Amino acid sequence: MPEDDLPETLHVTSAEQLRAVSNLTRHRIMAMLRFEPATITQIAERVGLAKGSSSYHVRLLERAGLVKVVRTRKVRGVTERYYAIAARSIVLPEPGEGQPDVLMRNAVADLEAASADSERHVRMAHLRLTEEQYEELGARLEELADEYRQLSDPSLPDASLVFALFRPAPRNRGGSDGE
C-alpha cells in the first residue's frame, strides 16, 4: 500500500485502543503490517500464530481502528482481505505515574525473544545534560530514526530501533532503596 494513502498520525486515545496495542502479539502484528499489507494467513505465518489466533488479534486491532482492510481479492470463492497499519505513526499516551510504558515493555520483550545469534546493538548511557543538550539529543535521535525509517525496504529483514531519553526519578540517597 502506498504510504501516501496513510494518515500521518493516529493517536491512541481510547481504552479499547490501549488494550489492543498493549498486547505483545498485537504489537508484533502491527509492527509487521507497518511495511506491507498481509492476509490473516500471512500474518499467522510471519508472527508464528495459529490462523484462528491471528484472526482474533487482527479483528481486535481492526475494531480499535489500529489496522484496516486495504484491499480484497477472491481466491477460490473466498474473499481474501489484506490488512495494513492504519497510520504511518501511532502515538501512545504517556504512561501515568507508576504505570509501565507499553512501548518499552513490548520492545524489551521483542529484544529478549530475538535470536541470540543475531547481532545486537544495545547500550545504556547515563548522561548529565543541560536542558538545551537534552532537547537537542532528543531531536537528533528522532531525526535519525525518521531518516532510517525512510530507507526501510520491506524485502529486507526486520530491525527494530527503540530509544528512550528520559530524566530518571530522583533516587533516595538515604540507602533504603537497596543500595
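It should be emphasised that the depicted structure is a prediction, and the values quoted were computed from it without experimental measurement. (Residues numbered from 1 in each chain as written. Predicted model: local features only at pLDDT ≥ 70, side-chain atom pairs only at ≥ 80, totals over all residues. Heavy atoms only, no water.)

Caption draft 1: Representation of the overall build of the protein chain in the model. Each helix and strand in the protein chain was counted, giving six helices and four strands. Going from the N terminus to the C terminus, the protein chain shows its helices and strands as β-α-α-α-α-β-β-β-α-α. Principal-axis analysis of the C-alpha atoms places the extent of the protein chain at approximately 70 × 40 × 35 Å. Within the span of the protein chain, comprising 179 residues, buried residues form 22% of the whole. At a minimum sequence separation of 6, the contacts of the protein chain that also span at least 24 residues come to 62%. Of the roughly 13,100 Å² of accessible surface on the protein chain, a fraction of 50% belongs to carbon and sulfur atoms. (Helix = DSSP H or I, 4+ residues; strand = E, 2+ residues; numbered from the N terminus. Buried < 20%, exposed > 50% of the residue type's maximum accessible area, 1.4 Å probe, protein only. Contact = heavy atoms within 4.5 Å. Areas by Shrake-Rupley, 256 points an atom, 1.4 Å probe, with all protein chains shown as cover.)

Caption draft 2: Just the confidence of the model for the protein chain, in detail. The share of residues in the protein chain with pLDDT of 70 or more is 91%, and the mean pLDDT across the chain is 85. In the model of the protein chain, helix H5 (residues 102-113) stands out as the element of lowest mean pLDDT, 81, in contrast to helix H4 (residues 51-63), which has the highest, 95. (pLDDT = per-residue confidence, 0-100.)

Caption draft 3: Summary view of the pattern of salt bridges. Enumeration over the complete set of coordinates arrives at seven salt bridges. With a shortest N-O distance of 2.5 Å, Arg-28 and Asp-110 are connected by a salt bridge. Of the two residues, Arg-28 is situated in helix H2 (residues 24-33) and Asp-110 in helix H5; the sequence distance between them amounts to 82 residues. On the basis of relative accessibility, which here comes to 29%, the residue Arg-28 falls in the partly exposed class. The salt bridge involving Glu-136 is made with Arg-140; its shortest N-O contact spans 3.8 Å. Pair noted here: Glu-136 and Arg-140 are both in helix H6 (residues 131-151), with a separation of four residues, about one helical turn. (Salt bridge = Lys/Arg side-chain N within 4 Å of Asp/Glu carboxyl O.)

Caption draft 4: Region of interest: the pairing of strand S3 (residues 78-85). As paired strands, strand S2 (residues 67-75) and S3 are joined by eight bridges and run antiparallel to one another. Opposite Lys-68, over in S3, you have Ala-84 as the bridge partner. From the end of S2 to the start of S3, which pair antiparallel, there are two residues, and Arg-76 there has a positive phi angle of about 50°. (Pairing = 2+ DSSP bridges.)

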